[in-house]
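Residues per chain, in single letters:
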Amino acid sequence: MSHQPSEPAAATRPRRADAQRSIERIIDAAVDCLSVSPEASMVDIARHAGVVRATIYVHFPTRESLLDAVTRHAMTEVTQVVDAAEPEAGEPVEALRRVLVATWRTLGRYHALVAINTRLPHEQLHERHGSVLARLEPLVVRGQAAGAFRADVPVSWHLATMLALIHSASAEVRAGRIGEDQVQAALVDTVVGAVSATRA
């Protein structure tokens, strides 16, 4: 019995690599376009990516699916930044300051995406930030055990407070009510003050 030869692996690999590069280009273009206008259309994003609109729809059938992919990309990047900041190292308050600074600097590219995501129901918003919150939880637990962070409220409250303050800082920057040169210090001091057992 004869069999049709399967497509050689060498032929499929370049195709998959091309598709992955196309996806990455589209996601980067979406971030750029959304930073100018949160209402950027698929046509705008396709033009910026240098592809035809049909190419976007091959990978992302709806605008919502593209926004989901961009959010996952952003959360992956932020998670990596949090890990690199070593939240497990050093005194808890200083570790928190270090993580917040690194996170905020990374979020500079994603303020519009933050604005889009804050329109979501609370549970969905929390779920999308799950990977980042999971990295921060051990730091909060460690800080409470050391007496550095308030222990009269649950860990989840501290995490929710951090998330809310970061989103508020992003909104203030987008609205032009606080400058980029001021917001980082204001955010870090406010978060640390909110979670600390003694005022920092």
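Please refer to the structure placed before this passage.
Asks: Could you give an account of the packing of helix H8 (residues 130-145) against helix H9 (residues 155-175), naming the residues involved and the relevant values?
Replies: Contact geometry for H8 and H9: axes closest at 10 Å, N-to-C directions at 125 degrees. Comparing the axis directions of H8 and H9 gives the class oblique. As H8 runs across H9, the sense of the crossing is right-handed. Mapping the contact onto sequence places Leu133, Leu136, Glu137, Val140, Val141 and Gln144 in H8 and Val155, His158, Leu159 and Met162 in H9. For the contact of H8 with H9, a count of residues per class yields 7 nonpolar, 2 polar and 1 charged.

Asks: Could you give an account of the nonpolar core, with specific residues and numbers?
Replies: Core analysis: the largest hydrophobic core is formed by 34 residues, its most contacted members being Leu96, Trp104, Leu136, Phe149 and Met162. If you list the elements that add at least two residues to this core, you get helix H4 (63-84), helix H5 (92-107), H8, H9 and helix H10 (180-195). No other element matches the 9 residues that H5 contributes to this core. Other than its neighbours up to four places away in sequence, Phe149 contacts Pro92, Val93, Leu96, Leu139, Val140, Gly143, Gln144, His158, Val195, Ser196 and Ala197. If you look at the next biggest cluster of nonpolar residues, it comprises 24 residues, including Val31, Ile56, Leu67 and Ala74.

Asks: Account for unusual backbone geometry, with residues named and values stated.
Replies: A positive phi angle is found at Glu86, which is not glycine, with a value near 55 degrees. Positionally, Glu86 belongs in the loop between H4 and H5.

Asks: Kindly report on empty space enclosed by the protein, identifying the contributing residues and their values.
Replies: In the structure shown here, the tally under the stated rule is 2 cavities of 30 Å³ or more. One number sums up the size of the largest cavity: a volume of about 260 Å³. Around the largest cavity, the lining is made up of 21 residues, and of these Met75, Leu107, His129, Leu163 and His167 lie nearest the centre. For the lining of the largest cavity, the secondary-structure elements that each account for two or more residues are H4, H5, helix H6 (111-117), H8 and H9. Examining the composition of the lining of the largest cavity, we find that 5 residues originate from one element, H4, more than from any other. Of the residues that constitute the lining of the largest cavity, the class distribution is 16 nonpolar, 5 polar and no charged. The computed volume of the second largest cavity comes to approximately 40 Å³. Taken together, Val31, Leu34, Ser35, Val70, Arg109, Tyr110, Ala112 and Leu113 form the lining of the second largest cavity.

Asks: Which residues make up the pattern of salt bridges, and what are the values?
Replies: With the rule as written, the count across this model stands at 8 salt bridges. Glu39 is the salt-bridge partner of Arg119, the closest N and O atoms lying 3.3 Å from each other. Of the two residues, Arg119 sits in the loop between H6 and helix H7 (122-128) while Glu39 sits in the loop between helix H1 (9-36) and helix H2 (42-49), which places them 80 residues apart along the sequence. Each member of the pair, Arg119 together with Glu39, is exposed. Where Asp152 meets Arg150, a salt bridge forms, and the shortest distance between an N and an O atom there is 2.8 Å. Note on Asp152: relative accessible area 59%, which makes it exposed.

Scoring rules and cut-offs
Residues numbered from 1 in each chain as written. Predicted model: local features only at pLDDT ≥ 70, side-chain atom pairs only at ≥ 80, totals over all residues. Heavy atoms only, no water. Axes fitted to C-alpha atoms, helices over the stretch in contact; angles between N-to-C directions. Helix = DSSP H or I, 4+ residues; strand = E, 2+ residues; numbered from the N terminus. Parallel < 35°, antiparallel > 145°, perpendicular 65-115°, else oblique. Left-handed = near helix turned anticlockwise from the far one by under 90°. Contact = heavy atoms within 4.5 Å. Nonpolar A, V, L, I, M, F, W, Y, C, P; charged D, E, K, R; others polar. Core = buried A, V, L, I, M, F, W, Y, C linked by side-chain atoms within 4.5 Å. Buried < 20%, exposed > 50% of the residue type's maximum accessible area, 1.4 Å probe, protein only. 1 Å grid on protein atoms, 1.4 Å probe; cavity = no way out; pocket = protein on both sides within 12 Å on 5 of 7 lines; lining within 4 Å. Points joined across faces, edges and corners; volume = space filled by probe spheres on them. Salt bridge = Lys/Arg side-chain N within 4 Å of Asp/Glu carboxyl O.

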